[in-house]
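Residue strings, one per chain:
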Amino acid sequence: MSPTDAVAFWDGVHAARPAAGDPQPNARLTEVVTGLPVGDALDLGCGDGGDALWLAGQGWQVTATDISAVAVERLTALARSHGLGDHVTTVRADVRTSFPPGGFDLVCAHYLHTPCALDRATVLRSAAHALRPGGRLLVVDHGSAAPWSWNQDPDTRYPSPREVAAGIDLDPAAWTVERADTPRRIATGPDGSTAEVTDHVLLIRRTA
């Protein structure tokens with residue numbers, strides 16, 4: 001899939017969903033980040049903006065990126081309407097070809113899955129290198145398909161958190177895996193329906 005096709009695909013996904021007036025953060029984000037000292041955060045694939053808005057509301061300075069102009073424009077408007085415009089910087093970016101500059105205390109990548117060609121290991125390695133010492137990379141992947149997921153392929157394989165960590169291939173002298181597990185939860189879809197899903201959670205801390 002070409003870059004133009006990828007933009008069109010994700011613009012279509014977001015345009016087909018009603019704009020959320022108050023999008024909620026992902027459960028694993030609030031679980032992991034609550035209690036951490038605030039700083040600069042990078043949200044890769046910000047989607048409807050729930051994570052970025054929640055982080056900003058906790059005092060974080062957030063750079064939120066997405067390949068979809070629809071997602072970025074909606075989040076920009078939401079940040080302003082929530083009085084968080086000074087805490088959220090939105091960037092339409094294709095991480096396959098460029099990575100946001102700067103140093104961060106937190107990089108989060110929630111459900112960074114796509115039908116488009118994407119070297120995720122390279123993107124996540126860049127994310128780890130963008131961390132300041134003491135900063136954390138939070139990667140939350142699907143471990144199962146929800147009924148409302150765009151990917152309903154029954155043959156989809158979901159790599160474990162340890163497999164994802166191995167693929168990123170970071171020097172253990174400078175990065176430490178703090179968490180790698182597969183918890184389950186009840187999720188709510190865009191239409192309000194619920195289902196039990198599995199998350200694959202990987203948390204890596206830069207130590208040097």
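Residues numbered from 1 in each chain as written. Predicted model: local features only at pLDDT ≥ 70, side-chain atom pairs only at ≥ 80, totals over all residues. Heavy atoms only, no water.

Engineer: Could you clarify how one ought to interpret helix α5 (residues 120-129) in this entry?
Structural biologist: An α-helix turns once every 3.6 residues. As a result, residues three or four positions apart point the same way. Those residues of α5 that sit buried are Arg120, Val123, Leu124, Ala127 and Ala128. Taken around the axis of α5, the buried residues stretch over an arc of 140 degrees, which confines them to a single face. Structurally, α5 contributes buried residues whose contacts are with β1 (40-44), β4 (104-110), β5 (131-142), α6 (161-168), β6 (175-181) and β8 (194-206). (Buried < 20%, exposed > 50% of the residue type's maximum accessible area, 1.4 Å probe, protein only. Helix = DSSP H or I, 4+ residues; strand = E, 2+ residues; numbered from the N terminus. Arc of directions from axis to C-beta. Contact = heavy atoms within 4.5 Å.)

Engineer: Looking at this structure, how should I read the packing of aromatic side chains?
Structural biologist: Any pair of aromatic rings gets described here by the distance separating the centres and the angle formed by the planes. A complete count under the given rule lists one aromatic pair for this structure. Their ring planes at 90 degrees and their centres at 5.0 Å tell us that Phe9 and Trp10 sit as a pair that is edge-to-face. (Phe/Tyr/Trp six-rings, centres within 6.5 Å; stacked < 30°, edge-to-face > 60°.)

Engineer: Even after reading the chapter, I still don't get the environment of Phe9, so can you show me in this structure?
Structural biologist: Summarising the element assignment, Phe9 is placed in helix α1 (residues 3-16). Sequence separation between Phe9 and Pro115 is 106 residues; the distance between their C-alpha atoms is 9.1 Å.

Engineer: What exactly am I supposed to notice about unusual backbone geometry here?
Structural biologist: Excluding glycine, most residues fall at negative phi; most peptide bonds, likewise, are trans. The phi torsion at Tyr111 lies on the positive side, around 55 degrees, for a residue other than glycine. Take Tyr111: it is sitting in the loop between β4 and α5. Note on Tyr111: relative accessible area 17%, which makes it buried.

Engineer: Even after reading the chapter, I still don't get the nonpolar core, so can you show me in this structure?
Structural biologist: Side chains that are nonpolar tend, in soluble globular proteins, to be buried together. Of all hydrophobic cores here, the largest spans 25 residues; its most connected members are Leu29, Val33, Leu55, Trp60, Val62, Leu75 and Leu138. Those elements giving two or more residues to this core turn out to be α2 (27-33), α3 (50-57), β2 (61-66), α4 (69-81), β4, β5 and β8. If you tally residues by element for this core, the top one is α3, at five residues. Excluding anything up to four places from it in sequence, Val62 contacts Ala41, Asp43, Ala52, Leu55, Ala56, His87, Val88 and Thr89. In this structure, Leu42, Leu131, Trp175 and Ile204 belong to the second largest nonpolar core, which totals 23 residues. (Core = buried A, V, L, I, M, F, W, Y, C linked by side-chain atoms within 4.5 Å.)

Engineer: Would you explain the pairing of β5 in this entry?
Structural biologist: Regular strands show a simple pattern: their side chains alternate between the two faces of the sheet. One ladder, built from six bridges, connects β4 with β5; its direction is parallel. Each bridged residue has a counterpart across the sheet, and for Val107 the counterpart in β5 is Leu137. Bridge count between β5 and β8: seven bridges; the pairing is antiparallel. Counted as the bridge partner of Asp141 is His200 from β8. (Pairing = 2+ DSSP bridges.)

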